[in-house]
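Chain residues, written in single-letter form:
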Amino acid sequence: NIQNRIAKGQGKISAIITLLDKICLGRFYFEVAITLRESMFINGILTNAETWHNVKKTEIEELEQLDRSLLRKIFKVPISTPKESFYLELGLLPIGTVVKARRIVYLHDIANMKENEMLYKFVITQWNNPTRGDWTELVKQDLIDFGLKEDIISLKKIKRTPFKTKVKRKSREYAFKELMESIARKDGHSKL
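Residues numbered from 1 in each chain as written. Predicted model: local features only at pLDDT ≥ 70, side-chain atom pairs only at ≥ 80, totals over all residues. Heavy atoms only, no water.

Quick notes on the environment of Ile-16
Within the secondary structure layout, Ile-16 lies in helix α1 (residues 2-22). Sequence separation between Ile-16 and Lys-121 is 105 residues, and the spatial gap between their C-alpha atoms is 41 Å. Once you skip the residues sitting within four places of it in the chain, Ile-16 turns out to touch Leu-36, Arg-37, Met-40, Phe-41 and Leu-70. (Helix = DSSP H or I, 4+ residues; strand = E, 2+ residues; numbered from the N terminus. Contact = heavy atoms within 4.5 Å.)

Written as structure tokens, this is what we have:
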């Protein structure tokens, strides 16, 4: 599945770069480029990503490398440009953080289903009797990473729009913290 998404992503990168090169956008070039990244690239390769289970960090890293490749082509910068600079300067979220946020919102949707629906029963069973690699184990770690309660029952009390707003804020905080820690581990990046 990840290899198919990577191939699809490479096609999306080509389409975005071709579009940006053919149309004169003037001072709106970067704004349009970022919008195309979100709409064509991110949404194209992360379709149904919230349901992926047993996803390894290395697989997410492959998708993030593809994302950085797109950003390098948009900004016409060398490969030595620190990856953190793209996300911090532009206020973008790395793909791993986007997937985490989508999983948490999907968990909220499942928690608010009727209790007699099969998907709800399945997730509750997996939640209460987890095994390694289950989707619920991934989303529990996502909740911890974002500093949210690990209680599926408490999710029923929060309406969807305020919850999505909270997850969006928490995802930005999480991404910022991770990127800053990454910079600190690499002695501040001389170029950054």
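Picking up where we left off.
Notes on the nonpolar core
In terms of nonpolar packing, the biggest core is built from 26 residues, with Phe-41, Leu-46, Leu-63 and Ile-95 touching the most fellow members. For this core, the secondary structure elements donating two or more residues are α1, α2 (29-45), α3 (57-75) and α5 (95-111). The contacts of Ile-95, once residues within four sequence positions are left out, are Phe-41, Ile-42, Ile-45, Leu-46, Leu-63, Glu-64 and Asp-67. With 20 residues, the next largest nonpolar core counts Ile-104, Val-123, Ile-152 and Leu-155 among its residues. (Core = buried A, V, L, I, M, F, W, Y, C linked by side-chain atoms within 4.5 Å. Buried < 20%, exposed > 50% of the residue type's maximum accessible area, 1.4 Å probe, protein only.)

Details of unusual backbone geometry
In this structure, Asn-48 takes a positive phi of about 60° despite not being glycine. By the element assignment, Asn-48 lies in the loop between α2 and α3. With relative accessibility at 47%, the residue Asn-48 sits in the partly exposed group. One non-glycine residue with positive phi stands out, namely Lys-76, at about 50°. Mapped onto the secondary structure, Lys-76 falls in the loop between α3 and α4 (83-90).

A few points about the packing of α5 against helix α8 (residues 160-185)
Think of two packed helices as two axes; the pair is described by the angle between the axes and how far apart they sit. Close contact between α5 and α8 brings their axes to 10 Å; oriented N to C, the two are set at 155°. Classified by the angle between their axes, α5 and α8 sit roughly antiparallel to one another. Judged by the sense of rotation from one axis to the other, the crossing of α5 with α8 is right-handed. Contact with α5, carried on its side by Thr-97, Lys-100, Ala-101, Ile-104, Val-105, His-108 and Asp-109, involves Arg-160, Phe-163, Lys-164, Val-167, Ser-171, Tyr-174 and Ala-175 of α8 and no other residues of that element. Here the residues of the contact of α5 with α8 sort into seven nonpolar, three polar and four charged. (Axes fitted to C-alpha atoms, helices over the stretch in contact; angles between N-to-C directions. Parallel < 35°, antiparallel > 145°, perpendicular 65-115°, else oblique. Left-handed = near helix turned anticlockwise from the far one by under 90°. Nonpolar A, V, L, I, M, F, W, Y, C, P; charged D, E, K, R; others polar.)

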